[in-house]
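Chain and residue survey
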Amino acid sequence: MRWWRRLVGPAVPEDLRPVLEDGEEVVAAAPAADGHVAVTRLGLWLPGQDGPRRIGWHLVSKAAWSDGVLTVVEAVEAEDLDGAVLLRDLPAVRLSVPRAGRLPELVRRRVEGAIRARHRKDLPGGGGAWFVLRKVPGTDGLVLQARPDAGTDVETVRAMAREAARTLSGDG
C-alpha cells in the first residue's frame, strides 16, 4: 500500500474535497481533532468550527511541532502601506496531530520557501520589526510585509515599510 501512495500521492480527506481549488493537490494530510491538517502548494489547511480553512503560506508567521502538537501563528494583513503590508499576528492555534507523518517537514519547507528575503530592524527607543519579502502562493508576485514587535511604535514601522516599498519599486 505504501508504494501506491508514493505513486499517486496521499488520499484527499473527504472534508477537504469540496473546498480545494481546481488543481490544488494535497501533498500531505493527517487527521487532527475535528478534521484534517493538510499541505497544498497554496497553503496550510486547518480544521475549523465552520469547516476547513486555508492559510496562505505568506501568512503563516510561525509553525512549530512538539510532541504531536502543531502550533500555528497566523498573520492578517492589517493595513496596506503603499506597496507593503503591515501584519498583525492572531493568537496561536494548537492542534493535536498524533500521526503527522511528513507534515512537519513539508510545512517547514513551504513556510521557509515563501521567504525571499528578511531583515530585522531594532529601534533605538526599544522594540523593533521584521521586514519580510514573501512569495504569495498562486501568483507571480511578492509582497513586502512589516511585522512590528509588541509595544513597538507602529507609526515608525509604517514609515519604514513605506520607504522600503518605494526603494524596492525603484521610486526611492
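So, here's what we can say about the structure. Given the structure is predicted, the values throughout are model-derived calculations rather than measurements.

As for the nonpolar core
Counting 26 residues, the largest nonpolar core has Val37, Leu44, Leu46, Trp57, Val97 and Leu103 as the members making the most contacts within it. Elements with a contribution of two residues or more to this core: β1 (28-32), β2 (35-39), β3 (43-46), β6 (69-80), β7 (84-89) and α2 (103-114). Top element by residues in this core is α2. It accounts for five residues. Not counting residues up to four positions away in its chain, the partners in contact with Leu46 are His36, Val37, Gly51, Pro52, Arg53, Ile55, Leu70, Val72 and Leu95. Residues Leu86, Ala129, Ala146 and Ala161 belong to the second largest nonpolar core, which totals twelve residues.

As for the environment of Gly23
Within the element layout of this structure, Gly23 appears in the loop between α1 (2-8) and β1. Once the C-alpha coordinates of Gly23 and Ala75 are considered, the two residues, 52 residues apart in sequence, prove to be 25 Å apart.

Concerning the pairing of β1
The alternating pattern of β1 places Ala28, Ala30 and Ala32 on a buried face and Ala29 and Pro31 on a face that is not buried. The pairing of β1 with β2 spans five bridges and is antiparallel. Paired with Ala29 across the bridge in β2 is Ala38. Here β1 folds back onto β2, and the loop between the two strands holds two residues, one of which, Asp34, carries a positive phi near 65°.

Brief notes about the side chain of Thr152
If you trace the backbone, Thr152 turns up in the loop between β11 (142-148) and α3 (154-169). For Thr152, a relative accessible area of 7% corresponds to the buried category. At 3.0 Å, the side chain of Thr152 forms a polar contact with the backbone nitrogen of Gly128. What Thr152 contacts, discounting residues up to four positions off in sequence, is Leu123, Gly127, Gly128 and Val157.

Comments concerning α3
The terminal C-alpha atoms of α3, which comprises 16 residues, lie 22 Å apart, in line with the 22 Å expected from a rise of 1.5 Å per residue. Those residues of α3 that sit buried are Val157, Arg158, Ala161 and Ala165. Axial view of α3: buried residues confined to an arc of 105°, hence all on one face. Those residues of α3 that are buried lie in contact with β6, β7, β10 (128-135) and β11. Downstream of α3 by one or two residues, Gly170 has phi in the positive range, about 90°.

Procedures and definitions
- Residues numbered from 1 in each chain as written.
- Predicted model: local features only at pLDDT ≥ 70, side-chain atom pairs only at ≥ 80, totals over all residues.
- Heavy atoms only, no water.
- Core = buried A, V, L, I, M, F, W, Y, C linked by side-chain atoms within 4.5 Å.
- Buried < 20%, exposed > 50% of the residue type's maximum accessible area, 1.4 Å probe, protein only.
- Helix = DSSP H or I, 4+ residues; strand = E, 2+ residues; numbered from the N terminus.
- Contact = heavy atoms within 4.5 Å.
- Pairing = 2+ DSSP bridges.
- Polar contact = N/O pair within 3.5 Å; in protein donor to acceptor, adjacent residues only side chain to side chain.
- Expected span 1.5 Å × (residues − 1).
- Arc of directions from axis to C-beta.

All quantities given are derived from atomic positions and should not be read as evidence of function.
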